[in-house]
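Okay, here's what each chain looks like letter by letter:
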Amino acid sequence: MNWGTELWDQFDKVTDHTQKGIEFCERYTHFIKDRAKIEADYANALRRLTKSYLPKKKEEESPFTVVKSFNDSLKEVADIAGQHELLVEQLKQKILDEMAKLMTELKIERKKHIEESKRLENQLQAQLRTLEQAKRRYERAFQEQVRAEETFRNADANLNLSRAEVEKTKNMMHQKAQACSECKSSYALVLEQTNNHQRDYYNKLLPQVFQSMQELDEKRIIKIRESIKQMSDVERGIQPIINTCLDLISQSSEKVDHGEDSRRVIDRFKSGFVPPDDIAFEDLGNEDTKSIGSSNSSKTREPTIKSSSGTTKGPKKKEKGRLAGIFGGRVSNGLFLCTYITLAIYLHLLVH
């Protein structure tokens, strides 16, 4: 299917169509630019997001598996951002640069074809003007020949004219006839040349221009088709690494152990203390119960202290020190025991 054959009389519409084709090419290029910008902004946003959630210092890293899994997933998200940055780079290098080059070529070639069409049309119009001039000369010569013949017939029929005057009109008639014949031959020659030129113009020269315009438009369409496919291939090319990052995120999630995190909470916050014993009932009317209660109330459960040498009981030297203070100064263990027994006997005698 050839534009030169089917659209031979629609050159203005063809040029308008090719112009709209170039405008569509520019519109498609702007789409690629906007797409690349969105991808770049998305990659930058992902990087800023991951950076804001990752621990700033090494000592801030958490021992819990769920936090470690989250931090590992953030690193993979940062790698995904890197793949989107790679997509932007490839969109610019493989598509945008090629489309910019294509539009420049299309504009230059289209302008050249339009100028060629105008040149051919001007040549045809010049030839048509030459034909018109030749035809007018032939028409004037023919009219002059007709008038000369009419003049000769009138002179030949007029008996009052001399033979010389009649002969003069006869010679003028032959001259006009000769001039008319020359103009007729010239007109016929120019007409033949014009027809040949016009035939070449519509059957050969103009179809070549149409063919060039058709090839130009088809070149644009093919390039855009290749670009659309290339755009999908470029994006498909980063998917394996993105899928790998997603797989690593999934694997990281499998490392989360709720039991281990619970154990780490115990190790981190365990104080070593034990809960207190039950509170004893105090019967205020029973002296024995009162003394037992007061005795029990004086006893406290010592905390279990965790040290590097193991778990030990809290110190019990405060009570002994308090009794020693009653008797003044520092006493030995034997003296302390004797003093304690003597005091007990003395108190017993006072009661009885």
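Reading the values: the criteria
- Residues numbered from 1 in each chain as written.
- Predicted model: local features only at pLDDT ≥ 70, side-chain atom pairs only at ≥ 80, totals over all residues.
- Heavy atoms only, no water.
- Helix = DSSP H or I, 4+ residues; strand = E, 2+ residues; numbered from the N terminus.
- Buried < 20%, exposed > 50% of the residue type's maximum accessible area, 1.4 Å probe, protein only.
- Contact = heavy atoms within 4.5 Å.
- Axes fitted to C-alpha atoms, helices over the stretch in contact; angles between N-to-C directions.
- Parallel < 35°, antiparallel > 145°, perpendicular 65-115°, else oblique.
- Left-handed = near helix turned anticlockwise from the far one by under 90°.
- Nonpolar A, V, L, I, M, F, W, Y, C, P; charged D, E, K, R; others polar.
- Polar contact = N/O pair within 3.5 Å; in protein donor to acceptor, adjacent residues only side chain to side chain.
- Phe/Tyr/Trp six-rings, centres within 6.5 Å; stacked < 30°, edge-to-face > 60°.
- Salt bridge = Lys/Arg side-chain N within 4 Å of Asp/Glu carboxyl O.
- Core = buried A, V, L, I, M, F, W, Y, C linked by side-chain atoms within 4.5 Å.
- Expected span 1.5 Å × (residues − 1).
- Bend = angle between axes of the 7 residues up to and from the residue.
- Disulfide = S-S within 2.5 Å.

> Just to check I follow, could you spell out the overall build of the chain for this structure?
Each helix and strand counted, the chain has 8 helices and 2 strands in total. In sequence order, the chain lays out its α and β elements as α-α-α-α-α-α-β-β-α-α. For the chain, the residues scored as buried account for 26% of the 352 residues in total. Of the contacts formed within the chain by residues at least 6 apart in sequence, a portion of 80% connects residues at least 24 apart.

> Would you take a moment to explain the packing of helix α2 (residues 11-53) against helix α4 (residues 163-254) for this structure?
Packing of α2 against α4 brings their axes to within 11 Å, and their N-to-C directions diverge by 15°. Taken together, the axes of α2 and α4 lie roughly parallel to each other. Note that α2 runs across α4; the crossing there is left-handed. Broken down by class, the residue content of the contact of α2 with α4 amounts to 15 nonpolar, 5 polar and 4 charged.

> Any chance you could explain the side chain of S62 here in plain terms?
Residue placement: S62 occurs in the loop between α2 and α3 (65-157). Polar side-chain contacts of S62 include one of 3.2 Å to the backbone nitrogen of F64. Those residues within four positions of S62 in sequence are excluded, and the remaining contacts are V67 and K68.

> Looking at this structure, I do not really get the packing of aromatic side chains. What am I missing?
Each aromatic ring pair is described using two quantities: the centre-to-centre distance and the angle formed by the ring planes. Summed over the entire model, instances satisfying the criterion amount to 7 aromatic pairs. Considering the side-chain rings of Y53 and F70, the 6.4 Å spacing of their centres and the 90° angle between planes classify their relative orientation as edge-to-face. Taken together, the residues Y53 in helix α2 and F70 in helix α3 connect sequence positions 17 residues apart. A residue is classified by how much of its surface remains accessible, and Y53, at 51% relative accessible area, is exposed. Among the residues examined, F70 registers a relative accessible area of 39% and is labelled partly exposed. In this structure an aromatic cluster arises from ring pairing among W8, Y201 and Y202.

> Would you mind going over the pattern of salt bridges with me for this structure?
Pairing between side chains of opposite charge can happen when the charged atoms of each approach one another. This model, assessed by the stated rule, comprises 18 salt bridges. Note that R220 is salt-bridged to D217, the shortest N-O span being 2.9 Å. Of the two residues, R220 and D217 are both situated in helix α4; the distance of 3 residues between them amounts to about one turn of the helix. D217 carries the same exposure label as R220, and that label is buried.

> Looking at this model, I keep getting lost on the nonpolar core. Mind explaining?
Note that soluble globular proteins tend to have their nonpolar side chains buried in a common cluster. By size, the foremost hydrophobic cluster in this structure holds 25 residues, and its most contacted members are C25, Y28, I32, L91, I95, M99 and M231. Counting residues per element, the ones that place at least two in this core are α2, α3 and α4. Ranked by the residues each element gives to this core, the list is headed by α3, at 11 residues. Leaving out residues up to four positions away in the same chain, L91 has contacts with I32, R35, A36, L96 and M231. One finds I114, L120, L124 and V209 within the second-largest nonpolar core, a separate group that totals 11 residues.

> How should the environment of L87 be read in this particular structure?
Within the fold, L87 resides in helix α3. Taking the relative accessible area as the measure of exposure, L87 reaches 1% and is therefore buried. Look past the residues within four positions of L87 in its chain and what remains in contact with it is R35, E39, V234, E235 and I238.

> What should I look at first to understand α4 in this one?
Helical geometry note: an α-helix holds 3.6 residues per turn, so side chains three or four residues apart project in the same direction. Compared with an ideal rise of 1.5 Å per residue, which puts 92 residues at 136 Å, α4 spans 134 Å between its outermost C-alpha atoms and is within 8% of the ideal. Roughly 50° is the biggest bend found in α4, and it falls at Y201.

> Before we go on, may I ask you to explain the packing of α3 against α4 in this structure?
The axes of two packed helices give the description: the angle between them and the distance between them. As a packed pair, α3 and α4 sit with axes 7 Å apart at the nearest point and diverge in direction by 175°. It follows that α3 is roughly antiparallel to α4 by the angle criterion. Tallied by class, the residues present in the contact of α3 with α4 amount to 48 nonpolar, 23 polar and 21 charged.

> Help me understand the state of the cysteines, please; the structure alone is not making it clear to me.
In protein structure, a disulfide is the covalent linkage between the sulfur atoms of two cysteines. Applying the stated rule across the entire model yields 0 disulfides. C180 supplies the cysteine sulfur nearest to C183, a cysteine that is in no disulfide, at a spacing of 6.8 Å.

> Can you help me understand the environment of W8 in this one?
Position of W8 among the secondary structure elements: in the loop between α1 (3-6) and α2. Distance in space between the C-alpha atoms of W8 and N203 is 8.9 Å, their sequence separation being 195 residues. Ignoring any residue separated from it by four or fewer positions in sequence, one finds W8 in contact with W3, Y202, L206 and F210.

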